[in-house]
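Each chain, written out:
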Amino acid sequence: MKRRDFGQYCGLARALELVGERWALLIVRNLVVRPRRYSELQTGLAGIPTNVLATRLKELEQSGIVERQVAPAPARGVVYALTDVGRSLEPALLSLARWGATQLGEPQRGDVVTPEGLVLNLRAVFQPDQAAGLTASWEIHVRDVVVHAVVADGDLTTGLGSAPVPPDLTITARFADDELASYRAVITAARDGEVGLSGRPELLDTFLRVFTVPRAA
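Described in the following lines is the structure provided in the data block. (Residues numbered from 1 in each chain as written. Predicted model: local features only at pLDDT ≥ 70, side-chain atom pairs only at ≥ 80, totals over all residues. Heavy atoms only, no water.)

**Some details on helix α7 (residues 115-125)**
Part 1: Buried residues dominate α7, accounting for 9 of its 11 residues.
Part 2: All buried positions along α7 are accounted for by Glu-116, Gly-117, Leu-118, Val-119, Leu-120, Leu-122, Arg-123, Ala-124 and Val-125. (Buried < 20%, exposed > 50% of the residue type's maximum accessible area, 1.4 Å probe, protein only. Helix = DSSP H or I, 4+ residues; strand = E, 2+ residues; numbered from the N terminus.)

Laid out in structure tokens, this is it:
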């Protein structure tokens, strides 16, 4: 599969040459959250053909964006992780996610929501000005997925799984089997009082203020 070469001495053109191919940025999105095995990437990128995943990973490795690492003990085998160059993509990735969120219409049949997408949403909509001086922690439970957001003196840490500290508030969103459990749906349920709360309920309003969803243009 031949990669595109625009032949332009332009930063945007070069960025598109490196990460503009189909699925490339979604691979980066998943690796921004944490290193992944090949099989985990394939599971987390529903619909990606095996040959495309292998090709994209090879291209990203050759570009110095992704590297292979030995999985930390007690796990075994190899995981794919972002290099320093790859991690420097995160601000651009979050900006694209914020812009893309304003262009989302109604969910279509067959759309899926990934755990990594939920984490990226938390980072993308985080409002540093609203979090100035704030220290609080949340866990968000959506079906069998748990993500966390910890703000320490205004600085955000997010990820999959339980929070690294006891959460000040646990938010549990419940959806019917045929409902898409998107981040936007979680926020709507929280605003409507249709979520379960455990901990300090007053921090729900804080969460909604700090982690706002972009409004449609």
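**With respect to helix α8 (residues 183-191)**
Part 1: By the burial criterion, the buried members of α8 are Tyr-183, Ala-185, Val-186, Ile-187, Ala-189 and Ala-190.
Part 2: Elements in contact with the buried residues of α8: α7, β3 (136-142), β6 (169-173), β7 (195-199) and α9 (203-210). (Contact = heavy atoms within 4.5 Å.)

**Let's talk about the pattern of salt bridges**
Part 1: Taken as a whole and judged by the stated rule, the model has 8 salt bridges.
Part 2: Arg-68 is the salt-bridge partner of Glu-61, the closest N and O atoms lying 3.1 Å from each other.
Part 3: Among the ionic pairs, Glu-90 bridges to Arg-123, the shortest N-O distance being 3.1 Å. Of this pair, Glu-90 sits in helix α6 (residues 90-101) while Arg-123 sits in helix α7, placing them 33 residues apart in sequence.
Part 4: Given the relative accessible area of 14%, Arg-123 is considered buried.
Part 5: Sharing partners across several salt bridges, the network here consists of Glu-21, Arg-56 and Glu-59. (Salt bridge = Lys/Arg side-chain N within 4 Å of Asp/Glu carboxyl O.)

**Concerning the packing of helix α2 (residues 24-33) against helix α4 (residues 50-62)**
Part 1: Look at α2 against α4: their axes get within 10 Å of each other, and the N-to-C directions meet at 75°. With respect to their mutual orientation, α2 and α4 come out roughly perpendicular. Contacts between α2 and α4 involve Ala-24, Ile-27 and Val-28 from the former and Leu-53, Arg-56, Leu-57 and Leu-60 from the latter.
Part 2: Each residue belonging to the contact of α2 with α4 can be placed in one class, and the counts come to 6 nonpolar, no polar and 1 charged. (Axes fitted to C-alpha atoms, helices over the stretch in contact; angles between N-to-C directions. Parallel < 35°, antiparallel > 145°, perpendicular 65-115°, else oblique. Nonpolar A, V, L, I, M, F, W, Y, C, P; charged D, E, K, R; others polar.)

**What to know about unusual backbone geometry**
Part 1: Positive phi values are uncommon outside glycine, yet Trp-23 reaches one of about 80°.
Part 2: For Trp-23, the location among the structural elements is in the loop between α1 (11-19) and α2.
Part 3: Positive phi values are uncommon outside glycine, yet Arg-143 reaches one of about 55°.
Part 4: By the secondary structure assignment, Arg-143 is in the loop between β3 and β4 (145-152).
Part 5: Judged by relative accessible area, which is 44%, Arg-143 ranks as partly exposed.

**Focus: a nonpolar patch on the surface**
Part 1: A cluster of nonpolar side chains, Phe-6, Leu-12 and Leu-16, forms an exposed patch at the surface whose accessible area comes to about 280 Å².
Part 2: For Leu-12, the location among the structural elements is in helix α1. (Patch = residues over 30% accessible without salt bridge, like charges linked within 9 Å, V, L, I, M, F, W, Y side chains within 5 Å. Areas by Shrake-Rupley, 256 points an atom, 1.4 Å probe, with all protein chains shown as cover.)

**Remarks on the pairing of β6**
Part 1: A large share of β6 lies buried, amounting to 4 of its 5 residues.
Part 2: Pairing between β3 and β6: 5 bridges, direction parallel. The residue of β6 that forms the bridge with Glu-139 is Thr-170.
Part 3: By the bridge criterion, 5 bridges tie β6 to β7 in an arrangement that is antiparallel. (Pairing = 2+ DSSP bridges.)

**Re the sheet that holds strand β5 (residues 155-160)**
Part 1: Reading across from one edge, β5-β4-β3-β6-β7 is the order of the 5 strands in this open sheet, with mixed pairing throughout. Sheet topology places β5 and β7 at the edges, where each strand pairs with a single neighbour. Averaged over all neighbouring strand pairs, the angle between strand axes comes to 15°, with direction disregarded.
Part 2: By the bridge criterion, 6 bridges tie β4 to β5 in an arrangement that is antiparallel. Each residue of the ladder has a partner; that of Ala-152, found in β5, is Asp-155.
Part 3: Along the sheet face, α9 touches β3, β6 and β7 and points at about 85° away from the line of β3.

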